[in-house]
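# Residue-level structure breakdown
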Amino acid sequence: MLSFLLRRLLHAGPTLLGVSLVAFMLIRLVPGDPVLLMLGERGGSPEAVAQLRHNLGLDQPLYMQYWHFIANAATGDFGNSVVSNRPVWEEFTDRFPATLELSLVALLWAVLLGVPIGVIAALKRRRWMDYVLMSVSLVGYSMPIFWWGLMLILLFSVSLGWTPVSGRISAAFDLEPWSGFYLLDTWVRGLGWAGFWAAVNHMILPALVLGTIPFAAIARMTRSSLLEVMREDYVRTAKAKGLSFFQIVFVHALRNALIPVVTVIGLMLGMLLTGAVLTETLFSWPGVGRWMVASVLARDYPVLQSGVLLLSVLIVAMNVLVDLLYTWLNPRLRGNV
Amino acid sequence: MVRLLSVLLALVFSASAQAEKVFVYCSEANPKTFNPMLADDGPSFNASSQMLYNRLVEFKTGTTEIEPSLAEKWEISKDGKTYTFKLRKGVKWHTTEAFKPTRDFNADDILFTFHRALKKDHPFHTVSGGNYTYYLGMEMDKLIKEIKKVDDYTVRFTLTRSEAPFLANVAMNFAAILSAEYGDQMIKAGTKEKMDTDPVGTGPFVLKRFTKDNSIRYEAFTDYWQGKAKLDKVVFAITPDPSVRFNKLKAGECHLIAEPQPQDLPQISGNPNLKLMSQPGANVGYLALNVEKAPFNKVEVRQAVAHALNRENYMQVVYQGTASIAKNPIPPTVWGSSPDTKDYEYNPEKAKELLKKAGFPDGFETDLWTLPVSRPYNPNGKKMGELMQADLAKVGIKVKLVTYDWGTYLDKTKKGDFQMAQLGWTTDNGDPDNFMGTLLACGAINASNIARWCDKSYDQIVMKAKTVTDMKARTVQYFKAQEAFKKNAPWVTLAHATVFRGLSKKVENYKISPLGTEDFYPLDMK
Amino acid sequence: MKKSPWARLCENRGAVVSLVLLSVWVLLAILAPLLPLNPPAQIFDGEQLKLPMWNEGGSSRFPMGTDDLGRDLLSRLIYGAQISLGFGFLNVVASVLIGGTLGLTAGYFGGWWDRLVLRMVDILMALPSLLLAIVVVAVLGPSLWNALWAVTLVALPGFIRITRASVLAEREKEYVQASRAFGAGALRQMFKTILPNCMAPLIVQASLGFSDGILNMAALGFLGLGAQPPTPEWGAMLADSKAYMETASWLVYWPGLCILSVVLAFNLLGDGLRDAFDPKL
C-alpha cells in the first residue's frame, strides 16, 4: 500500500509541474505589458512602473520567473493579488471554505438521493418506474445549471419569497468566520437558531443547483453498475443457492456495484468546481469560483495563475485519494496500477 | 415548513434588531480604496470619505451649501489668494487594531494630507500607486502655492491665482483629512500601505471589517466630535447585480439600495414596506470620443456619431422615461447651464454625409466601451451599448462592444485606451467648473478628461470663468464654453437622469444628496 | 441473425425521439434565412418587451414576444440554434481530429510519444474544466471563436483517452498483426485497419462531446465570455434577460429550454448509440 502511494505521488509530481507551467505560460500569453495593464496611466510614473515590475519579478528572464513562481509556491507563497494587494493564499483560504461547504452539502444530497434512485431503477429495470427515474436523471444530467438556478430563483425567491437570492447569510448577522463553514460557525459564534436558519436558508438553492448534475450522474452510474454486477457469476451462484433476492442485492451485489460509484464520486470534485463557478456567480456565493471569475474580469493575473494551480493541486490530491480508496476496495488491482 | 421557518426567523430577527440599530446598505461595487485621495468613484467615496473621514469644510447633508467641519471658521483675503482656516479643537481620531492615537486632530494632519498628494518628495507620495486623480483633475497641484502651519490650530493656504470654487473643492470627498501620527507610525513599522487599507479617520463610523465582494462592516464611533451616530452598525452588502439588490430590498435584507433599475421603480413605490425617493440629478451621462485616436480626431466623424444616435429612444428603453436628453455637459439643475445650445438632432442621413466628408463613405470599424455597473446617469450601459451598436450600424459604423470590471474600466478610460466609451458624472461640489473644467480642460487629461480633448481657446474661457468671482460674469463665460464644446463634439451628451433611491420605511432622516454620495450619519431606524 | 447497430438504434425509442428533435433543430438552423422571420439583430423602436402572441397584448408580428431592446425573440432563438449547433459541431470536429489523432498515434506507437500524450492528458484533467476555459478566453479575449478554442481544449482529454484505449485493445488483435505481416505501413495500418474498428466508442464520445460543448459554450456566453452582442447566442440571451425575470419571464424560459432540449437530445442519442454498439446492457 505504501509503495503504491509513493508511486502515485511520484506520478502526480510531474503533472503538477506541468499544470504550473500551463498556468504560468497562460498569463504570459496575454497581449500587452501586464504591468501597464495593471496600472492606470497615472500610476505610470516610470518609477512606479519599474517598482511594480520589480515587485512582480517581471524584470527577470522568463525561466527565472518560472523558477521563482514554483519555488515560492512550494513554500506557500503564491504572490499578491493586484486588486486587493493581499496574499493570494489568504484570499484563497478566505473563500475556499465557502466553496467546500457548498460542495459537500450538494454532494451529500446527490449521494443520498442518487444511490437509492439508481438501485430502484436497476431493480425495476425496463418497467415504468425505471423509465421515469432514468428520464429524470437524464434531464438532470443535461441541465444547463445556470438556467436551472434562474428558474429556482424565479419560483422560490421571487414568486414565493421563501429563500434569499444571494450570499451566505443575511448581512445583519455579523458572523466572524471561525472555520469558514457557516452552518458550524453560526453556533460557534453564538448566533443561535436564527443565524443557523439564515445560513441554511441561503444554502438551499445553491446546493440544489450545484448537486443536480452529480445527482444525475450518480443515479445513472449506480443503475448501470448494479445491472452489470447482477449478471456476474457469483450473483448467479447466489441465486442458485437459493438466497433471497434481498440478500443477493443488498449483501452481495450492491457492495461490488458501489465500487465504481465511489470512484465517480471522488472524481466529481472537478465537476463540482466547474459547477461552483456558475452556481457561485448566480447566487453571489463568496467562494473560489466567483473569485476566479471576478479575477478574470479584473485581469488579476497573479490570482489567476496561483488560483488555477491551487485548484489543480486539490484535484490531483483528490485523484490520488480516490485511487487509494479504489485499490483498497478492490484488492485485485493492487499489483498493477 | 419553509414559511414557518422564515416567520420564526423574522421573530428572532426583530427581537435582536431592537437591541441594536443595524443599517444595511446594498451597494453596487467594491471600494477601490479606503483612502479618498486615491479614489475617483462613488462606491469608494461612499465607503471611505463619508463614513470614515471629515474635511476642512463640508456640504450640508442633502444640499450643496458649505458648512464648517474640521475648520470652524475661515477668512479669505481680498485678492482671493489666501485662505486662513481656524481648526476645531478636541476632534478625536479612531482607535483601531493598527493604531492607537495619542493626540487630537491638529494642523499637522492638514499639512500631512495635502502634502502627500502635492509634494513628490513626501514619504507617502508613491504609496498604493500614487494616483491622485482628483488633485490632478482639479489642478490642485498648480493652484496651491503653499500651505503654512500658523499655529497648532491655524493653517494658511496660499494660491497662485484667485479661484472661485476653492472652498467647494476642499469640501469634496477627495480632500478628506488623514492622520499624520498614523502615517509616522506606519513609516516606522514599514507598512505604509496600511494607511490606505486599514483606514483611520475622524468620521462618524469606524471600519471594522472589509470582505471583498461581500461586505464592509462599520461601527459607530463613540467619540465622534458631532456626537455618536444613532445607528450602531452600518453594513455595506456589496451586490453588483441590480435585480438582486431589488430582491434583497423586498426581502428586508437591506434597508437602502443603490441605483434601482428603472423597470423596478413601480414595484418599489407600490410596496407598503418600501418608499421610493427621487430627485432631479445633477449628473450627465455621455459617450466620450477619444480625439487622440483615428478616426475620432476628425471633428466631422464626432459630429456624425452625434447625429447617428437616436437618444429619444434611449430615454424610453434604457431610462424608461426617467431622464431627459442632455444637450450640455452641465445639467439644468446646476447654474450656468446654457439654454441656447443647439443640439445635434437624430439624423442618420446627415451623419452619413458628414462621414463622407471626413473620408469614410463606407463607415469604419471601431470599439465601444459599455459601463459594467449601473450608475445614476446610466442604469444599463450594456443595453444602451446594444442600441448604439444598432444605430451606428445604420450609418455604416461597425461597432464591437467591450467592457471590463469597474476598476479596470476607470483606469483604462483615463489612460485613453479606448475609442468610444460611455461614462458620466455627478457633480461633487455643485459648481459648473466641476463639469466644464474637471471633465474637459487640458489639465484634466489623464484624469477625468477621458476624451482627451484639449482646445486652447476653450481652456482660456474656462480658466477665466474660474478666476472671476462674480457669478453673472462666470455664467457668461460658461455659456461661451458650452458653445465651443458643442461645436467640437468631444462627447455625445446623452442624458440627465433623475436619481432614485429605494428604501425601507424603517429608515428615517434619509436625504438624497445632489452630489451623488451617501451620508448615513444623520440616519435613524424605527 | 445479428442486427446492425443502426437497426438497433432505430428500435431505441429515446434515440429515435432524439434524432427527430435534432433533425428539427438542424433544419430550423439551416433554413433560418429562408423562414419569414424578422432579422435577429434588428431593434424595433417602441416594441420593447412585447408579450408572446398567446398572451393578451401580444401580436403575431412577434410570435414569442420581444426582448428588452425590442428584438424578435422567436427569430433570436432560431438563429441561436445556428450558433449553438454550428459551434457545437465545429467543437466536435476539432476534438475528433485533434484528440483522435493524438490518441491514435499514442496508442499505436507507444513509447515516449505515448507517455508525452498521456502526461498532457493528465495535466489537462487536473485543471478544472470550465475554469480552464474561462482563463483561456480571458487571455485570448471574449469572442465566440476564442470560446470555441477554449471549449475544444477542455474536451480533448476525453477524446484522446477513448481513442487510445480502443487502439490499444485493437492493436494486439490478429487482423492487425496479419496486416503488419503483409507489410502494411504505419499510416495505412493506423487509419485503414485500426481506426475503422475504433469508430464505435469515438462516435458515442462525439455525441456526448456535442452536448458538453454546447453546454460549455452556453456557460461562457452566460458569463459574458462567449458570443458578443448582438449575436443571438442562447447563453448570452439568458444573461441579458436575468434582470427581467419578474417583468418578462418568457425571456428567461425559452433560451434555457432550447439549450436543455438540444443537450438532452445529444445525451439521449449518445446513450442510444452506446446501447446499439454494445448490446450487452
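A brief structural summary. (Residues numbered from 1 in each chain as written. Chains lettered and ligands numbered in written order. Predicted model: local features only at pLDDT ≥ 70, side-chain atom pairs only at ≥ 80, totals over all residues. Heavy atoms only, no water.)

## Some words on the packing of aromatic side chains
Residues and elements named next belong to chain B.
- Going through the model one piece at a time under the given rule, you end up with 54 aromatic pairs over all chains.
- Taking 6.4 Å as the distance between ring centres and 70 degrees as the angle between the ring planes, the aromatic pair formed by tryptophan 335 and tyrosine 478 counts as edge-to-face. Of this pair, tryptophan 335 sits in the loop between strand 14 (323-325) and helix 13 (348-357) while tyrosine 478 sits in helix 18 (residues 471-488), placing them 143 residues apart in sequence.
- A relative accessible area of 0% means that tyrosine 478 is categorised as buried. (Phe/Tyr/Trp six-rings, centres within 6.5 Å; stacked < 30°, edge-to-face > 60°. Helix = DSSP H or I, 4+ residues; strand = E, 2+ residues; numbered from the N terminus. Buried < 20%, exposed > 50% of the residue type's maximum accessible area, 1.4 Å probe, protein only.)

## Thoughts on the nonpolar core
All names here are of chain B.
- In this structure, Phe23, Phe85, Leu87, Phe114, Phe157, Tyr218 and Phe520 are the most contacted members of the largest nonpolar core, which totals 122 residues.
- Looking at this core, the element that brings in the most residues is helix 3 (residues 107-118), giving 6 residues.
- Once you skip the residues sitting within four places of it in the chain, leucine 87 turns out to touch Leu56, Leu70, Ala71, Glu72, Phe105, Asn106, Ala107, Ile110, Asp152, Tyr153, Thr154 and Val155. (Core = buried A, V, L, I, M, F, W, Y, C linked by side-chain atoms within 4.5 Å. Contact = heavy atoms within 4.5 Å.)

## Description of the sheet that holds strand 7 (residues 154-159) of chain B
All names here are of chain B.
- Strand order in the open sheet made by the 4 strands is 4-5-7-6, with antiparallel pairing throughout. Either end of the sheet is taken by a strand with one partner, and the two such strands are strand 4 (71-76) and strand 6 (144-151). Taking the axes of each pair of neighbouring strands and ignoring which way they run, one obtains an average angle of 20 degrees across the sheet.
- Across the sheet, helix 3 lies against strand 5 (82-87), strand 6 and strand 7, angled at about 165 degrees from strand 6, the strand it touches most. (Pairing = 2+ DSSP bridges. Axes fitted to C-alpha atoms, helices over the stretch in contact; angles between N-to-C directions.)

## A closer look at the state of the cysteines
All names here are of chain B.
- Scanning the entire structure with this criterion turns up 2 disulfides over all chains.
- Between the sulfur of cysteine 442 and that of cysteine 454 lies a disulfide, 2.0 Å long from S to S. Since a negative S-S torsion denotes a left-handed disulfide, the cysteine 442-cysteine 454 link at about 95 degrees is right-handed. On the criterion of sequence distance, the pair formed by cysteine 442 in the loop between helix 16 (433-436) and helix 17 (456-467) and cysteine 454 in the loop between helix 16 and helix 17 is long-range, its members being 12 residues apart.
- Once the disulfide-bonded cysteines of chain B are ranked by sequence position, their pairing pattern turns out to be 1-2, 3-4. (Disulfide = S-S within 2.5 Å.)

## Regarding helix 13 of chain B
Residue and element names in this part refer to chain B.
- For helix 13, the complete set of buried residues consists of Ala351, Leu354 and Leu355. Down the axis, helix 13 shows its buried residues gathered within 100 degrees of arc, on one side only. Counted as exposed and oriented over 90 degrees from the buried face of helix 13: Glu349, Glu353, Lys356 and Lys357.
- For helix 13, the elements touching its buried residues are helix 11 (299-308).
- Within two residues after helix 13, glycine 359 carries a phi angle of roughly 95 degrees, on the positive side. (Arc of directions from axis to C-beta.)

## Observations concerning empty space enclosed by the protein
Residues and elements named next belong to chain B.
- Counted according to the given criterion, the structure contains 12 cavities of 30 Å³ or more.
- Empty space within the largest cavity amounts to approximately 400 Å³.
- Lining the largest cavity are 26 residues, and of these Asp40, Asp41, Gly42, Tyr134 and Trp425 lie nearest its centre.
- Of all elements in the fold, only helix 2 (42-52), helix 4 (133-137), helix 15 (406-415) and strand 17 (420-426) reach the threshold of two or more residues within the lining of the largest cavity.
- Residues that form the lining of the largest cavity fall into these classes: 12 nonpolar, 9 polar and 5 charged.
- In this structure, the second largest cavity encloses a volume near 110 Å³.
- What lines the second largest cavity is Glu259, Pro260, Pro262, Leu265, Tyr319, Thr322, Arg375, Pro376, Pro379, Ala497, Thr498 and Phe500. (1 Å grid on protein atoms, 1.4 Å probe; cavity = no way out; pocket = protein on both sides within 12 Å on 5 of 7 lines; lining within 4 Å. Points joined across faces, edges and corners; volume = space filled by probe spheres on them. Nonpolar A, V, L, I, M, F, W, Y, C, P; charged D, E, K, R; others polar.)

## Let's talk about the side chain of serine 179 of chain B
Residues and elements named next belong to chain B.
- The topology assignment puts serine 179 in the loop between helix 6 (166-170) and helix 7 (180-189).
- What makes serine 179 buried here is its relative accessible area of 0%.
- Every residue in contact with serine 179, bar those within four places of it in the chain, is listed here: Trp93, Phe99, Asp109, Phe112 and Met195.

## Notes on the packing of helix 5 (residues 88-123) of chain A against helix 11 (residues 245-282) of chain A
Residues and elements named next belong to chain A.
- Their axes nearest at 8 Å, the elements helix 5 and helix 11 cross at an angle of 145 degrees. Taken as a pair, helix 5 and helix 11 cross one another with a handedness that is right-handed. On the side of helix 5, the interface is formed by Thr99, Leu102, Ser103, Leu107, Val111, Val115, Val119 and Leu123, while helix 11 contributes Phe245, Val249, Phe250, Leu254, Leu258, Ile265, Met268, Leu272, Leu273, Ala276 and Glu280.
- In the contact of helix 5 with helix 11, the residues fall into 16 nonpolar, 2 polar and 1 charged. (Left-handed = near helix turned anticlockwise from the far one by under 90°.)

## Some points on the interface of chain A and chain C
- Of the residues lining the interface, 43 residues belong to chain A; the matching set on chain C comes to 42 residues.
- Summing the contributions of chain A and of chain C, the shared interface buries around 3,900 Å²; its carbon and sulfur component is 79%.
- Its largest share of buried area at the contact with chain C, chain A owes to Phe146, Trp147 and Leu150 of chain A, together 16% of the area lost on that side.
- The tally of links between chain A and chain C comes to 1 salt bridge.
- For arginine 220 of chain A, the salt bridge is made with aspartate 271 of chain C, and the minimal N-O distance between the two is 3.0 Å. (Buried area = accessible area lost by both parts, 1.4 Å probe. Salt bridge = Lys/Arg side-chain N within 4 Å of Asp/Glu carboxyl O.)

## Thoughts on the pattern of salt bridges
- In the structure shown here, the tally under the stated rule is 50 salt bridges over all chains.
- Between glutamate 20 of chain B and lysine 233 of chain B there is a salt bridge; the shortest N-O distance is 3.4 Å. Highlighted residues: glutamate 20 of chain B in the loop between helix 1 (2-19) and strand 1 (22-27) and lysine 233 of chain B in strand 10 (residues 233-238), separated in sequence by 213 residues.
- Accessibility expressed as a relative area gives 16% for lysine 233 of chain B, which makes it buried.
- Between glutamate 72 of chain B and arginine 88 of chain B there is a salt bridge whose closest N-O contact spans 3.8 Å. Residue glutamate 72 of chain B is located in strand 4, and its partner arginine 88 of chain B is located in the loop between strand 5 and helix 3; the two are separated by 16 residues in the primary sequence.
- Residue classification places arginine 88 of chain B among the buried positions, given a relative accessible area of 18%.
- A single network of salt bridges, built from pairs that share partners, joins Lys382 and Glu386 of chain B together with Asp67, Arg71, Arg76 and Asp240 of chain C.

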